[in-house]
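# Examination of the molecular architecture
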Amino acid sequence: MDTPVERIGIFGGSFDPVHCGHLLVAQAAMEELSLTRLFFIPAAQSPFKPQSAPAPALERLRMLRLALAGQTRYEIDEQEIQRGGTSFTIDTVRDYVDRFPRAKLFYLIGADHVPTLPAWREADRLAELVEFVVIPRPGQPPAKFPSPFRGRELEGFPLGVSSSAIRRRVKAGQSIQSLVPEAVVEAIRNSKLYL
Ligand code: ATP
């Protein structure tokens, strides 16, 4: 009997810090795409945020581990942090194609990233290798894929939370309760991040 094809979700980002919007992206993708595995992949440095130094990779990784603790359906892939430098999605996707040659690969992005897709490194090749999956984000127009990208938009659970809003709130001394998991609130406080 044929083994069923694996359906793998790839979710890259700065996760600076991980927040409930990210967790709802993951949940929507799991459910709506019937994923068998979902990998969170923290970037060392995003090509689209060259001016901003993110919090140290190990802190972002630690927060991600805390946020996903006990969630057996999610995995964290540290390859971009280990490679260091600017993290290009095509390098990571090639690794997944090599490791999972028979799997169907879905790359998850928020609606804010859709217009930027043609500027991603090796955009044409990337568009061949993965299907992009867009999660609606409040304030963003519905996804309209620029050629040659193909993909679909999920229903998701649109939530207007962003890492930059979390960082701004911490800096302003405002509460981030319920916007990030409780253990992440504590980690941010203990490590004095974003002050
Ligand atoms: P920042 O505010 O610093 O730009 P961010 O909140 O967008 O950060 P990232 O780690 O850069 O977080 O995002 C990783 C991926 O998750 C991106 O594809 C982004 O569009 C998506 N994403 C983040 N927050 C949401 C959200 N609330 N709803 C849908 N997608 C989201």
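Refer to the structure presented above.
Source: prediction; values computed, not measured. (Residues numbered from 1 in each chain as written. Predicted model: local features only at pLDDT ≥ 70, side-chain atom pairs only at ≥ 80, totals over all residues. Heavy atoms only, no water.)

Now for the site of the ligand. Around the ligand sit 22 residues, and of these Lys 49, Asp 112, Leu 159, Ser 163 and Ser 164 come closest. Within the backbone of Ser 14, one N or O atom sits 3.0 Å away from an oxygen atom of the ligand. A distance of 2.7 Å is found between an oxygen atom of the ligand and a backbone nitrogen or oxygen belonging to Ser 163. The protein chains hide 92% of the 600 Å² of surface that the ligand would expose on its own. Put simply, the ligand lies in the largest pocket. Listing elements by their share of the shell around the ligand, those giving two or more residues are strand 1 (7-13), helix 1 (20-33), strand 4 (104-110) and helix 6 (163-171). Looking at the shell around the ligand residue by residue, the class counts come to seven nonpolar, eleven polar and four charged. (Near = heavy atom within 4 Å. Polar contact = N/O pair within 3.5 Å; in protein donor to acceptor, adjacent residues only side chain to side chain. Areas by Shrake-Rupley, 256 points an atom, 1.4 Å probe, with all protein chains shown as cover. 1 Å grid on protein atoms, 1.4 Å probe; cavity = no way out; pocket = protein on both sides within 12 Å on 5 of 7 lines; lining within 4 Å. Sits in = over half its atoms within 2 Å of the grid points. Helix = DSSP H or I, 4+ residues; strand = E, 2+ residues; numbered from the N terminus. Nonpolar A, V, L, I, M, F, W, Y, C, P; charged D, E, K, R; others polar.)

What the six strands build is an open sheet, ordered 3-2-1-4-5-6; its pairing is parallel. Single-partner strands in this sheet number two, and they are strand 3 (74-76) and strand 6 (151-153). The mean angle between the axes of side-by-side strands here comes to 25°, regardless of whether they run parallel or antiparallel. Where strand 1 lies against strand 4, four bridges are found, and the strand directions are parallel. In the strand pairing of strand 4, Ile 8 is matched with Leu 105. (Pairing = 2+ DSSP bridges. Axes fitted to C-alpha atoms, helices over the stretch in contact; angles between N-to-C directions.)

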